[in-house]
Amino acid sequence: MARRLRGAVELPRHVHRVVARGREYFYHQVARGTKHEGPRAKLPSDPHSPEFWTALRQVQGISDGVVPTDTGLRPAHVQRAMEQLADKPGAANGFLAAMQALSKWGRAKGLLDYPLTDGVEAYQIEGGHRPWTDEQIACAHEHLTGMVRRGVMLLLYTGQRGSDMVRLGPTMIDEGGFDLGWRGQQKTGTRPWCPIFPELAKEMESWDKTPGPFVRNKLGGKCSRESFTKLYAEAKVELAARGIATLEGTTLHGLRATACVRLKREGFADSVISDMVGMSIAMVQRYTRFENKRATGKAVLAALAERNAKS
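Residues numbered from 1 in each chain as written. Predicted model: local features only at pLDDT ≥ 70, side-chain atom pairs only at ≥ 80, totals over all residues. Heavy atoms only, no water.

Regarding the overall build of the protein chain
Link 1 in the chain: Along its length, the protein chain carries 12 helices and seven strands.
Link 2 in the chain: The buried share among the 311 residues of the protein chain stands at 40%.
Link 3 in the chain: When contacts within the protein chain are restricted to residue pairs at least 6 apart in sequence, long-range pairs at least 24 apart make up 52% of them.
Link 4 in the chain: Accessible surface, the protein chain as shown: approximately 18000 Å² in total, 52% of it carbon and sulfur. (Helix = DSSP H or I, 4+ residues; strand = E, 2+ residues; numbered from the N terminus. Buried < 20%, exposed > 50% of the residue type's maximum accessible area, 1.4 Å probe, protein only. Contact = heavy atoms within 4.5 Å. Areas by Shrake-Rupley, 256 points an atom, 1.4 Å probe, with all protein chains shown as cover.)

Description of helix α1 (residues 50-59)
Link 1 in the chain: The complete set of buried residues in α1 reads P50, F52, W53, A55, L56 and R57.
Link 2 in the chain: Buried residues along α1 sit against β2 (10-11), β3 (15-20), β4 (23-28), β5 (41-43) and α3 (89-108).

Observations regarding the pairing of β4
Link 1 in the chain: Direction of pairing for β3 relative to β4: antiparallel, over a ladder of six bridges. Bridge pairing in β4 links H16 to Y27.
Link 2 in the chain: If you look at the hairpin formed by β3 and β4, you'll find two residues sitting between the two strands, and R21 has a positive phi there, around 55°.
Link 3 in the chain: Pairing between β4 and β5: three bridges, direction antiparallel. (Pairing = 2+ DSSP bridges.)

Concerning the side chain of D270
Link 1 in the chain: Inspection of the secondary structure puts D270 in helix α10 (residues 270-277).
Link 2 in the chain: On the accessibility criterion, D270 (15% relative accessible area) is buried.
Link 3 in the chain: The contact partners of D270, leaving out residues within four places of it in the chain, are K264, I281, V284, Q285 and T288.

Re the nonpolar core
Link 1 in the chain: L144, V152, L154, F178, L200 and F228 are the most contacted members of the largest nonpolar core, which totals 35 residues.
Link 2 in the chain: Elements represented by at least two residues in this core include exactly α4 (134-143), α5 (146-158), α7 (198-204) and α8 (225-241).
Link 3 in the chain: At seven residues, α5 tops the list of elements feeding residues into this core.
Link 4 in the chain: With near-sequence residues (within four places) excluded, F228 lies in contact with M147, V148, G151, V152, L155, M165, V166, V215, C223 and L252.
Link 5 in the chain: Formed by 13 residues, the second largest nonpolar core is a distinct cluster that contains L73, F95, Y114 and V120. (Core = buried A, V, L, I, M, F, W, Y, C linked by side-chain atoms within 4.5 Å.)

Overview of the packing of aromatic side chains
Link 1 in the chain: Considering all chains together, one arrives at four aromatic pairs under this definition.
Link 2 in the chain: Residues F178 and F214 carry aromatic rings whose centres are separated by 6.4 Å and whose planes lie at 70° to one another, so their mutual orientation is edge-to-face. Of the two residues, F178 is situated in strand β6 (residues 177-179) and F214 in the loop between α7 and α8; the sequence distance between them amounts to 36 residues.
Link 3 in the chain: Residue F178 is classed as buried on the basis of its relative accessible area of 1%.
Link 4 in the chain: Among the aromatic side chains, those forming a connected cluster through ring pairs are F178, W207 and F214.
Link 5 in the chain: When the ring centre of Y27 is taken as reference, the NZ or CZ atom of R40 above it lies at 4.0 Å.
Link 6 in the chain: Just above the ring of F197 sits the side chain of R262; from NZ or CZ to the centre is 4.7 Å. (Phe/Tyr/Trp six-rings, centres within 6.5 Å; stacked < 30°, edge-to-face > 60°. Lys NZ or Arg CZ within 6 Å of the ring centre and 35° of its normal.)

As for the sheet that holds β5
Link 1 in the chain: Across the sheet, three strands lie side by side as β3-β4-β5; this open sheet has antiparallel pairing. Across the chains shown, the open sheet's two edge strands, defined by having one partner strand only, are β3 and β5. Averaged over neighbouring strand pairs, the angle between their axes works out to 40° when direction is ignored.
Link 2 in the chain: On the sheet, α1 packs against β3, β4 and β5 and is oriented at approximately 160° with respect to β5. (Axes fitted to C-alpha atoms, helices over the stretch in contact; angles between N-to-C directions.)

See the structure below:
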């Protein structure tokens, strides 16, 4: 009998999910826990991936043919998962894209005889992570304190992802910048060298230089990206209670866009910004598209003013 798993995927018979030290593991074992139990075979960790189902078919001794429909993964399940993620449209659309890729791969390999996402629509998303305004940046400088201030300033002046920011520490400083070669960027695998601008250097003067990350949790230990997001949310609530609502609507990831905009205003080329923040040129252009329009508009006004002065 299939068992329901997160994301609407159902685990087929003899597949078991084990959680150890906060991580998920999946195994195939017949008659587990009985005196007749069979050998245990480890499966890939993502039950949404094609590799998971391919590995499962191999341990089941199935080499070809169509995936049995009793695995339970149907368009209705994908739709239900989308509805459960309605408050996170970005994550929902990411999940749908993964299911579409899985469906395309499965049908091409002859492993599926139906599309997994038939009739399932993506959510329309407006806006996104907008760059912070000058007023919001000034508010952060004036009112944020402690570890929240440290994290926000690091994000603002380095443009790094939150998952990389929480790892930044004094031992990573190399010739006036942060050398991120200690692990590389999570998504791109590149090794950016991020300069420490004077504004950030001034902030860092009072920070302790002990080994470890600059930003720590309330207990003084390492702070995850998720934990820092919660700290920032709490700080916004505290400010709102004091009648300061300037930071309402801001996101931490918006600071990544803000860093790109700031560098763009300083006259740096997209390729240079890409190197400094460890971001693709296409993404830099996306984040700075409004700034590019602003610059174009100002250039037009300047040209018109010059023309009028001559006439």
